[in-house]
Amino acid sequence: MTFPLAAANFMNQAARTVMAIVGPVLAVELGLSAVELGVLAACLFAAYAATQLPLGVALDAFGARRVQTALMLLAAAGFAVFALSPGFAGLVAARILLGIGISAGLMAVIKAHTDWFDRGRVARVTGIASAIGALGSTLTTSPVQAMLPALGWRGVFWVLCLLALGVATWIFLSVPDKPDVRGPNVTGPNVTGPGIPGARVPGPARTLRGDIALSGRILASGTFWRLGPAVATLSMFNFVYLGLWAGPWLRDVAGMDGPARAGVLLLYTFAMVAGSVLAGSAASRAQAAGLPPFVVPIVCLAGLVLLQAGLMLQPSRPSLVLVLWLAIAAFGAAGPVGYVAMCQMFPPEQTGRVSTAVNTLTLGLAFLVQAAIGWILDLWPRTASDGWDPAGYSWALALTAALQALAALAMAAARRRGR
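Please read these numbers as outputs of a predicted model, since none were measured by experiment.

A. Region of interest: the overall build of the protein chain. What the protein chain contains, in helices and strands, is 16 helices and zero strands. Taking 419 residues into account, the globule formula puts the C-alpha radius of gyration at 22 Å, and the protein chain, at 21 Å, falls close to it. Projecting the C-alpha coordinates of the protein chain onto the three principal axes gives extents of approximately 70 × 45 × 35 Å. Burial analysis of the protein chain (419 residues in total) assigns 56% to the buried set. Taking as baseline every contact in the protein chain between residues at least 6 positions apart, the subset at least 24 positions apart corresponds to 84%.

Printed below as a string of structure tokens:
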């Protein structure tokens, strides 16, 4: 169950981060401005965000297997349309399809793990699955850079299309359907019978109207709004920078060429893998020790703020640049831990809707920030090398650092109130 769903998250990461390598190529080949490039990357997040609330209802109603199989087929179609597109409008349409197709990447993992694993193990196994998913970003760094001369960016997207079709088949054949909590012979840690600790009591048959009403109650919850936006900012940085702007920053501020940028981004993804495993393990250990569930997210947010301050100083020494970006990757990979902690504040059968509601905030914020960075960069004239001014990047980093500092304070305040 974990491996095929993690493979779908692998494709999620690949679709999001491939623009960091092919984005500069598209900008030159198609003459795209920073705003157009930002919109092209950000429209994926807009579609991704718009899908989240109905996706949560679908995951809770039909389970991860059926939903994720259908969405991976749609993602394959999005890769194909991107490869065939002659211009900007077609690329935008393809990115919208991709945004919908990859929308259940992490959410399907969290939903399936909540259904089938004990509460204390969910953060750990989700961290492992997130680490596998993060490897999708490795596919879109040095391997894509190496494929570009032979296949071009269109060939790269055909390769991604074939991979998505393979993952859809694997999920359909391997992943179990969701447990039937109303059936008489249910097994599994989260679906035992009445009278057993942690059990779900059989209830009336669910209806679409009831599912929508429950989603509304989650969105109206004070708990959701006290902590949901803060959790969203933790995942935002990797969405925004690994998804597009890290590559141009390495070119325009650190002065790296294409292969060097791809190498740093490859190591960045490995740091995300390590960060996912470590954060998940730390969160499970903290929970076992009786510590508040948001301790790990707060620490990681504080670390991200300090590291972004280092990037704002525009370092150019390769070793320092590498250390800063790898540390950012590791701290930013704690996002799934925040999602799990948030879901555990609601009943298990609402996991799909809670996780997708938080993801809606994350993706909406990623869309706005990614587009805002393009707008900020275009406030300065293009450089002689057709890049963007380093000062613009520093102001953009100040924006994301400020948002994450506020998020850390919000989480800490909620913790002090015992929420």
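B. Seen up close, helix α8 (residues 142-174). When the terminal C-alpha atoms of α8 are compared, their 30 Å separation across 33 residues is substantially less than the 48 Å that a helix rising 1.5 Å per residue should span. Listed in full, the buried residues belonging to α8 are Val144, Leu148, Trp153, Gly155, Val156, Phe157, Leu160, Cys161, Ala164, Val167, Ala168 and Ile171.

C. Local environment of the environment of Gly101. Here Gly101 lies in helix α5 (residues 88-101). The buried category is assigned to Gly101, whose relative accessible area is 0%. Measuring from C-alpha to C-alpha, the distance between Gly101 and Leu44 comes to 9.8 Å, with 57 residues separating the pair along the chain.

D. Region of interest: empty space enclosed by the protein. Applying the stated criterion across every chain, the model contains six cavities of 30 Å³ or more. In this structure, the largest cavity spans a volume of roughly 230 Å³. Looking at the lining of the largest cavity, the elements with two or more residues in it are α1 (2-17), α6 (105-116), α7 (119-139), α10 (222-252), α11 (258-288) and α14 (335-343). Looking at the lining of the largest cavity element by element, the count peaks at four residues for α1. Taken together, the residues of the lining of the largest cavity break down into nine nonpolar, ten polar and one charged. As a volume, the second largest cavity reaches approximately 90 Å³. Taken together, the elements giving at least two residues each to the lining of the second largest cavity come down to α11, α12 (295-312) and α14. Class assignment for the residues of the lining of the second largest cavity results in ten nonpolar, two polar and no charged.

E. Molecular detail of the packing of α6 against α7. The interhelical angle for the contact between α6 and α7, taken along N-to-C directions, is 145°, at an axis separation of 10 Å. In this structure, α6 meets α7 at a crossing whose hand is right-handed. Residues Leu106, Val109, Ile110, His113 and Thr114 of α6 lie in contact with α7, whose contacting residues are Val122, Val125, Thr126, Ala129 and Ser130. In terms of residue class, the contact of α6 with α7 is built from six nonpolar, four polar and no charged.

The rules behind these values
- Residues numbered from 1 in each chain as written.
- Predicted model: local features only at pLDDT ≥ 70, side-chain atom pairs only at ≥ 80, totals over all residues.
- Heavy atoms only, no water.
- Helix = DSSP H or I, 4+ residues; strand = E, 2+ residues; numbered from the N terminus.
- Rg over C-alpha atoms; globule rule 2.2 N^0.38 Å.
- Buried < 20%, exposed > 50% of the residue type's maximum accessible area, 1.4 Å probe, protein only.
- Contact = heavy atoms within 4.5 Å.
- Expected span 1.5 Å × (residues − 1).
- 1 Å grid on protein atoms, 1.4 Å probe; cavity = no way out; pocket = protein on both sides within 12 Å on 5 of 7 lines; lining within 4 Å.
- Points joined across faces, edges and corners; volume = space filled by probe spheres on them.
- Nonpolar A, V, L, I, M, F, W, Y, C, P; charged D, E, K, R; others polar.
- Axes fitted to C-alpha atoms, helices over the stretch in contact; angles between N-to-C directions.
- Left-handed = near helix turned anticlockwise from the far one by under 90°.

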